[in-house]
Every structure is written in structure tokens, then in C-alpha cells.
Amino acid sequence: MMENHWSREDIERQVEEVRQTIRKAAATAGRRPEEIRLMAVTKTVPAQVVNYAWEAGITLFGENRAQELMEKYGDYAFKAPEIHFIGTLQTNKVRQIIGRVSCIESVDSFHLAQEISKRALATGGPMDIFLEVNIGREESKGGVLPEELEKLLEQTALLAGVRVRGLMCIPPICEKEEETRRYFDQMYKLFVDTKHKKIDNGTMEYLSMGMSGDYALAIEHGSNLVRVGTALFGRRNYQK
């Protein structure tokens, strides 16, 4: 698919190819494909093309930018979409996306969780959230460090306006597949350990990891929500 050129047929074909990859990865891991949710990441994708993806059977979308979400939201054909916010979120942007998203995956601080809780309760809340983990300890990425996850979970569990539903990560770009697998394994262990803890206001259901370049590997290592953009929509110019 050429950059910035999409048709309904292109999207239908790409959606089916991604679903086939999910089925194969699930079979390799001895899992059922139905266990894995496919998110279409719609950063810079026009609303009309997002609608094509919905028509092709996509029911979960991910947006990275609050302003872009606000600009496109009114042009979506679907009335009750599941949209997750997956980008870095500043506290002063929370009020803009509350009511437009069903989950915020990129919660990496108690301060942010508090703001989400406050805004959600003011508009009818609570809001589903994932806690983001910086599994690769990269300074350029958001996320709580693995050893700080338990404390953040305990703090967040006290907030009435949020429900902790899972964990999310973006591992480092690795030259060797073995390195990527190691990060996924570490993340899955954190997920399992966290899942066994009692959470007062949530259920640890989802492990969101794996993008266009590595979602098959992520599925093999326990992910049950993959965030796929390029494999569905082609390469895009993120500088626009």
C-alpha cells in the first residue's frame, strides 16, 4: 500500500492479512485467536479510512494525540466505538478526551491517574485505564519502571474514578529477535504477578503489547491486545 493512499479494498485486504497473522501466531502459542484483540492504530489516518476499517470488522481503535482525536471524532460513522488513548497524555489534555475514549492505556504516574479519576467522576466515570511500563528503561519513553509498578498499582487502586484493566508497554527496538522475546517475557511475568494481586477497583485482564513489527511475537509471549497501525494503513508521515 502506498503512503497516504487508501481504498476500502486496501483496508479490507490488510485487515484480513493481519487477522491471518494473528491466527497463525495464536496457533503457534497454543492459544485461541479469539483471545487476542486487534486494535487499529489510527494516528494520522483520515476519519473516512478509519470508517473503512470499521466496515472491515475492526471494533477497537487506538489514538495517540488528543487534538487529532477531537478533530476526527465527529466524522466517525460508528456511534459507540471503543477507542483507547495510547499516546503520551498530559494532565491538561485529560478533559479533552474524557467521554470520547473508553480506555486510557498510557497511565504512568499517580498524578495522571488522579486527574483522570477527577475528570471521569465529574462526567459520570469511572474510566478504564492500563498502567504503562517502561520495560526497556528507556529515557525517551513513558512508563513506570518495573520495580515501581506495584506501588503505582496500589495508589491507583484507591481512586474511585478509574478501573485498572491491564498493562501496556512499548519495548525497545531490537536488532535480534531474541532480545525482543526477552522483553516480552519480562512483561508477561509482570502481568501474571500483577494479575494475582487483589485490586479494589479493577480487574487485570489485558496485556497490551506488540505493534506492526512484532505483534506475532507478542502474541506468542502472552499478549492479548495488539496495537497495529502500519500493517493496516501503510507507512504514514507523522510530521504532518
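Calculation criteria
Residues numbered from 1 in each chain as written. Predicted model: local features only at pLDDT ≥ 70, side-chain atom pairs only at ≥ 80, totals over all residues. Heavy atoms only, no water. Phe/Tyr/Trp six-rings, centres within 6.5 Å; stacked < 30°, edge-to-face > 60°. Helix = DSSP H or I, 4+ residues; strand = E, 2+ residues; numbered from the N terminus. Lys NZ or Arg CZ within 6 Å of the ring centre and 35° of its normal. Core = buried A, V, L, I, M, F, W, Y, C linked by side-chain atoms within 4.5 Å. Buried < 20%, exposed > 50% of the residue type's maximum accessible area, 1.4 Å probe, protein only. Contact = heavy atoms within 4.5 Å. Disulfide = S-S within 2.5 Å. Salt bridge = Lys/Arg side-chain N within 4 Å of Asp/Glu carboxyl O.

A.B. asks: Pulling in residues and values, what's your account of the packing of aromatic side chains?
C.D. replies: Applying the stated criterion across every chain, the model contains three aromatic pairs. Consider the rings of Y188 and F191, whose centres lie 6.4 Å apart with planes at 40 degrees: the pair is tilted. Taken together, the residues span about one helical turn, with Y188 and F191 both in helix α7 (residues 177-195) at a distance of three residues. Between R100 and the ring centre of Y73, over which it is positioned, the NZ or CZ distance is 5.9 Å. Above the ring of Y183, the side-chain terminus of R182 is found at 5.8 Å from the ring centroid.

A.B. asks: Outline the nonpolar core, supporting the account with residue identities and numerical values.
C.D. replies: One finds I104, I116, I129, L131, M187 and F233 to be the most contacted residues of the largest nonpolar core, which totals 68 residues. With six residues, helix α1 (residues 8-28) is the single largest residue contributor to this core. One finds V41, L60, I86 and C103 within the second-largest nonpolar core, a separate group that totals nine residues.

A.B. asks: So what about the side chain of S117? Which residues, and what values?
C.D. replies: With respect to the helices and strands, the residue S117 is situated in helix α5 (residues 110-122). The buried category is assigned to S117, whose relative accessible area is 5%. Among all residues touching S117, those that are not within four sequence positions of it are L159, A160, G161 and V162.

A.B. asks: So what's going on with the state of the cysteines? Which residues, and what values?
C.D. replies: Under the criterion given, the structure shown has zero disulfides. Free of any disulfide, C103 has its nearest neighbouring cysteine sulfur in C169, separated by 15 Å. Assessed through its relative accessible area of 2%, C103 is described here as buried. Left without a disulfide partner, C169 is nearest to the cysteine sulfur of C174, which lies 11 Å away.

A.B. asks: Describe in detail the pattern of salt bridges, supporting the description with residues and values.
C.D. replies: Evaluated as defined, the whole model comprises 20 salt bridges. Between E16 and R23 there is a salt bridge, and its shortest N-O distance comes to 2.6 Å. Given the relative accessible area of 34%, E16 is considered partly exposed. Look at R23 and you get partly exposed, because its relative accessible area is 38%. In this structure, E177 engages R181 in a salt bridge whose closest nitrogen and oxygen atoms are separated by 2.9 Å. Taken together, the residues span about one helical turn, with E177 and R181 both in helix α7 at a distance of four residues. With a relative accessible area of 42%, E177 lands in the partly exposed category. Note on R181: relative accessible area 26%, which makes it partly exposed. A single network of salt bridges, built from pairs that share partners, joins R31, R32, E34 and E35.

So far we have only geometry, and geometry alone does not tell us how the molecule works.
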